[in-house]
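Coordinate analysis (summary)
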Amino acid sequence: MTQYSSILGTGSCLPERVVSNDELVKFLEKRGVESSAEWIESRTGIQQRHFAGPLESTAFLAAQAASKALESAGVIPNEVTLIVVATSTSDQIFPSTACAVQSILQAKNAAAFDVQAVCSGFVYAMTIADSMIRSGQFKNALVIGSEVFSRLMDWDDRGTCVLFGDGAGAVFMSASSEPGVLACELQADGDQSCILNTPGRIENGAIVGDPFLRMDGQAVFKQAVAVLGSSALQVIQKAGITADQVDFLVPHQANVRILQAVAKRLKLSEEKTIVTVNQHGNTSAASVPLALDYAVRQNRIKKGHTVLLQGVGGGFTWGSVLVRM
Ligand SMILES: CC(C)(COP(=O)(O)OP(=O)(O)OC[C@H]1O[C@@H](n2cnc3c(N)ncnc32)[C@H](O)[C@@H]1OP(=O)(O)O)[C@@H](O)C(=O)NCCC(=O)NCCS
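Reading guide: rules and limits
- Residues numbered from 1 in each chain as written.
- Predicted model: local features only at pLDDT ≥ 70, side-chain atom pairs only at ≥ 80, totals over all residues.
- Heavy atoms only, no water.
- Near = heavy atom within 4 Å.
- Polar contact = N/O pair within 3.5 Å; in protein donor to acceptor, adjacent residues only side chain to side chain.
- Areas by Shrake-Rupley, 256 points an atom, 1.4 Å probe, with all protein chains shown as cover.
- Pairing = 2+ DSSP bridges.
- Helix = DSSP H or I, 4+ residues; strand = E, 2+ residues; numbered from the N terminus.
- Axes fitted to C-alpha atoms, helices over the stretch in contact; angles between N-to-C directions.
- Buried < 20%, exposed > 50% of the residue type's maximum accessible area, 1.4 Å probe, protein only.
- Arc of directions from axis to C-beta.
- Contact = heavy atoms within 4.5 Å.
- Domains from an automatic or database assignment.
- Buried area = accessible area lost by both parts, 1.4 Å probe.
- Salt bridge = Lys/Arg side-chain N within 4 Å of Asp/Glu carboxyl O.

Taken together, 23 residues lie around the ligand, and Ser 35, Arg 43, Gly 217, Gln 218 and Asn 255 are the ones closest in. Residue Ser 35 places a side-chain N or O atom 2.7 Å away from a nitrogen atom belonging to the ligand. One of the backbone N or O atoms of Arg 158 is found 3.0 Å from a nitrogen atom in the ligand. Expressed as a share of its isolated accessible area of 960 Å², the protein-covered part of the ligand is 73%.

Strand order in the open sheet formed by four strands is 8-15-14-13, with mixed pairing between adjacent strands. The open sheet has two edge strands, strand 8 (181-188) and strand 13 (248-251), and neither has a second partner. Each strand of the sheet is rotated relative to its neighbour by a mean of 10°, with strand direction disregarded. Pairing of strand 14 (residues 306-313) with strand 15 (residues 317-324) involves eight bridges; the strand directions are antiparallel. Looking at strand 15, one finds that Gly 313 is bridged to Thr 317.

The next subject is the pairing of strand 7 (residues 166-176). Burial within strand 7 is extensive, with 10 of its 11 residues counted as buried. With nine bridges joining them, strand 6 (residues 140-148) and strand 7 adopt antiparallel strand pairing. Residue pairing across strands places Ile 144 opposite Ala 170, the latter belonging to strand 7.

An α-helix turns once every 3.6 residues. As a result, residues three or four positions apart point the same way. Every buried residue belonging to helix 8 (residues 256-265) is among Val 256, Ile 258, Leu 259, Val 262 and Ala 263, and all of these are buried. The buried residues of helix 8 all sit within an arc of 160° when viewed along its axis, so they share a single face. Structurally, helix 8 contributes buried residues whose contacts are with helix 2 (37-44), helix 7 (217-239), strand 13, helix 9 (277-280) and strand 14. Sitting at the head of helix 8, Asn 255 places a side-chain oxygen 2.8 Å from the backbone nitrogen of Arg 257. At the exit of helix 8 stands Lys 267, carrying a positive phi of roughly 60°.

For the rest of this paragraph, the subject is the domain arrangement of the protein chain. Domain assignment breaks the protein chain into domain 1 (4-177) and domain 2 (182-324). Here domain 1 and domain 2 have C-alpha centroids that lie 14 Å from each other. The interface is formed by 49 residues belonging to domain 1 together with 45 residues belonging to domain 2. Between domain 1 and domain 2, a total of about 3,500 Å² is buried, with carbon and sulfur atoms accounting for 63% of that surface. Seen at the junction of domain 1 and domain 2, the total is two salt bridges. A salt bridge links Asp 157 to Arg 214, with the nearest nitrogen and oxygen atoms 3.6 Å apart. Secondary structure elements with two or more residues in the side of domain 1 that touches domain 2: strand 1 (4-13), helix 2, strand 3 (48-51), helix 3 (58-73), helix 5 (121-134), strand 6, helix 6 (158-161) and strand 7. No other element matches helix 5, which puts seven residues into the side of domain 1 that touches domain 2.

The next point concerns the sheet that holds strand 7. Here we have five strands laid out as an open sheet, ordered 1-7-6-4-5, and mixed in their pairing. Strands with a single pairing partner mark the edges of an open sheet, and in this sheet they are strand 1 and strand 5 (111-115). On average, adjacent strands in this sheet sit at an angle of 20° to one another, irrespective of strand direction. Note that strand 1 and strand 7 share nine bridges and pair antiparallel. Residue pairing across strands places Thr 10 opposite Val 171, the latter belonging to strand 7. In the packing of helix 5 onto the sheet, contacts are made with strand 1, strand 4 (82-86), strand 5, strand 6 and strand 7, and the angle to strand 6 comes to roughly 165°.

Below, the structure written as structure tokens:
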């Protein structure tokens, strides 16, 4: 019998501290950096974001989101066989955030590793988990996106520091006789690493190179709209369905104008596009599972719906997962 994977539960976690555009603009003003709440909202759709406090680590947020996903699936940590965390802001160089989550949850029967594909991380991680479940090697997987991107911000760079936020989202996937995941599609173009990166590293105890996030906003914008549109069409074709059979689009939440452009290309109405970037900002690998959980808990995305999940970001990387809930 063909084996598939399907999503049995979702969860998410946001840091307690909410920072409005007004508050952020006042903070930037004190540093001599000029911006306005109106500029941020009109160019990006962002109204606020959450910033993690010292105790709200990437692993902590990931474990909270994972606990909620397990709770909604009715599963206990001992039953989990695999933990995959998508993150670019791991608390330590090693071990992985996934191992920290395994320890926090006491999910003692789970293998654990991280995936690094920046804002595409969650669709990369889901694709890997789907393959590992379909191969029969693993019965189920906790797939988590968790980020504390506020650590990477250069607060003197107004073109980037107003865009990002912190948070985590998770899904619990399990083997099933029916899909579940209908099709996946991943791509990368390492030649475009310079348009979005954090190039620094630690060497012999010192930071070497630039440790802040850098971005050519306009180049990323154009590239994101182009690749998300083509990736969506490819994954829909792979699954043997048509765009009008997609019930909801859950795209990476970077900029509301990017989401609208992709939805327009797919001829999907506003009601079919899940938007959380206004509340969360860009939370990188966490944005897709956060938006998915938000829509599930609002009772908009329900069992049986066909949902298109899409990631795009540094690498350059992008990809899509088409899933029946
Ligand atoms: C970053 C982004 C919002 C900038 O919007 P834009 O319309 O392209 O704006 P520009 O970069 O052309 O800048 C226009 C002006 O606004 C200024 N500006 C930039 N950030 C600003 C801010 N926070 N506040 C006020 N002004 C700002 C620029 O300096 C520029 O001023 P100038 O004309 O005097 O030089 C947009 O390019 C974007 O969203 N890109 C994609 C980002 C993204 O999705 N990244 C993550 C992908 S995973």
